[in-house]
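Below are the chains, spelled out letter by letter.
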Amino acid sequence: MAKATTIKEAITRWEEKKGQKAAEAQEVALYAQFPPIEKMDASLAALVNCEKLSLSTNCIEKISNLNGLKNLKILSLGRNNIKNLNGLEAVGDLLQELWISYNQIEKLKGINVMKKLKVLYMSNNLVKDWAEFVRLAELPSLVELVFVGNPLEEKYSAEGTWTDEASKRVPKLKKLDGNTIIKQESEEGE
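Residues numbered from 1 in each chain as written. Predicted model: local features only at pLDDT ≥ 70, side-chain atom pairs only at ≥ 80, totals over all residues. Heavy atoms only, no water.

For clarity, the threshold we go by: UniProt positions are given in the numbering used here, feature names are shortened, and annotations may be inferred rather than shown by experiment.
The name recorded for the protein in an unreviewed UniProt entry is Dynein axonemal light chain 1, from Erpetoichthys calabaricus. Under the heading Subcellular location (unreviewed entry), UniProt records this for the protein: "Cytoplasm, Cytoskeleton, Cilium axoneme". Taken directly from UniProt, the Sequence similarities (unreviewed entry) text for the protein runs: "Belongs to the dynein light chain LC1-type family."

### What to know about the sheet that holds strand S7 (residues 175-176)
Two modes of strand pairing occur in sheets, parallel and antiparallel, and in both the strands are linked by backbone hydrogen bonds. The following threshold applies: One requirement defines pairing of two strands: DSSP has to find at least two bridges between them. A run of DSSP states H or I qualifies as a helix once it reaches four residues; a run of E qualifies as a strand once it reaches two. Both are numbered from the N-terminal end.
Strand order in the open sheet formed by eight strands is S1-S2-S3-S4-S5-S6-S7-S8, with mixed pairing between adjacent strands. Looking at the sheet topology across the chains shown, the edges are occupied by strand S1 (27-29) and strand S8 (179-180). Pairing of strand S2 (residues 52-54) with strand S3 (residues 74-76) involves three bridges; the strand directions are parallel. Residue pairing in the sheet places Leu53 in a bridge with Leu75 of S3.

### Describing the environment of Ser167
Definition in use: Here the term buried applies to any residue with accessible area under 20% of the maximum for its type, exposed to any over 50%, and partly exposed to those in between, with areas from a 1.4 Å probe on protein chains only. Contacts: residue pairs with any heavy atoms within 4.5 Å of one another. Whenever two N or O atoms come within 3.5 Å, that pair is a polar contact, provided that in protein one can donate a hydrogen and the other can accept it, and provided that, for residues adjacent in sequence, both atoms are side-chain atoms.
Relative to the assigned elements, Ser167 resides in helix H4 (residues 162-169). Residue classification places Ser167 among the buried residues on the basis of a relative accessible area of 14%. When the C-alpha positions of Ser167 and Asp177 are compared, they lie 11 Å apart, and in sequence the two are 10 residues distant. Each residue touching Ser167, except ones within four places of it in the same chain, is listed here: Ile181 and Lys183. One polar contact links the side chain of Ser167 to the main-chain carbonyl oxygen of Asp164, over a distance of 3.3 Å.

### Side note on the pattern of salt bridges
For the record, the criterion: Only one rule defines a salt bridge in this text: a Lys or Arg side-chain nitrogen within 4 Å of an Asp or Glu carboxyl oxygen.
Under the defined criterion, the tally for this structure stands at six salt bridges. A salt bridge links Glu106 to Lys128, with the nearest nitrogen and oxygen atoms 3.0 Å apart. Pair noted here: Glu106 is in the loop between strand S4 (97-99) and strand S5 (119-121) and Lys128 is in the loop between S5 and helix H2 (130-133), with a separation of 22 residues, a long-range link. A salt bridge links Glu132 to Arg135, with the nearest nitrogen and oxygen atoms 3.0 Å apart. Where salt bridges share partners, they join Glu165, Lys168 and Arg169 into one cluster.

### Examining the packing of aromatic side chains
What counts is decided by this rule: Centres within 6.5 Å are what make two rings of Phe, Tyr or Trp a pair, Trp counting through its six-membered ring; a difference in plane orientation under 30 degrees is then read as stacked, over 60 as edge-to-face, and the rest as tilted. Here, over-ring charges are defined by two tests on the NZ atom of lysine or the CZ atom of arginine: distance to the ring centre within 6 Å, and angle to the ring normal within 35 degrees.
The tally for this structure, following the rule as stated, stands at seven aromatic pairs. Aromatic pair Trp99 and Tyr121: ring centres 4.6 Å apart, planes at 5°, arrangement stacked. With Trp99 in strand S4 and Tyr121 in strand S5, the pair connects residues that are 22 residues apart, well separated along the chain. Ring geometry for Phe147 against Trp162: centres 5.7 Å apart, planes inclined by 15°, an arrangement best described as stacked. Residue Phe147 is found in the loop between strand S6 (144-146) and helix H3 (151-158), and its partner Trp162 is found in helix H4; the two are separated by 15 residues along the sequence. Just as Phe147 is buried, Trp162 falls in that class too. Counting every residue linked through ring pairs, the aromatic cluster contains Trp130, Phe133, Phe147, Tyr156 and Trp162. One Lys or Arg, Arg79, reaches over the ring of Tyr102 and ends 3.8 Å from the middle of that ring. Just above the ring of Trp130 sits the side chain of Arg169; from NZ or CZ to the centre is 3.9 Å.

Written out as structure tokens, the structure is:
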């Protein structure tokens with residue numbers, strides 16, 4: 001089997017294709033490498049101006065080496081083999097969008113470091129209980145969530161109660177699974 005593509009090799013390919021230095025770019029797409037990237041290594045530190053980084057559709061198992069990305073606002077890690085959210089601390093005060101659908105995440109431990117996260121796409125993961133879901137309420141800026149395809153969502157959607165239950169637990173949400181959440185105002189005197 002072919003050796004995994006390193007971040008350094010993927011950056012070199014990207015630079016050759018784009019005719020641009022990755023260190024100067026605001027948007028860098030290293031998705032769907034062949035052979036796939038397996039590790040987020042220290043070469044990511046070269047992306048000093050990067051605001052949007054895509055590493056989706058690879059075989060990454062662990063989020064790491066984000067500390068050099070001082071301008072990162074959008075991180076796309078969908079379609080990898082990520083099992084947890086550890087490693088986001090370095091971009092916790094920066095990241096506004098995290099796209100992490102189609103991974104193997106069961107627990108949302110570590111999500112609380114995301115102080116500016118507005119948008120979280122984490123459909124088709126393995127979250128199955130409310131105890132994990134309510135960790136999202138700790139995110140002060142979260143307004144949009146895509147959670148479809150998680151066992152928790154599937155169970156409550158089948159019962160017809162998903163949107164009500166989810167929006168009760170994360171009251172700041174304005175959009176859930178692509179649908180605008182309409183809050184019912186309580187009547188005077190209740």
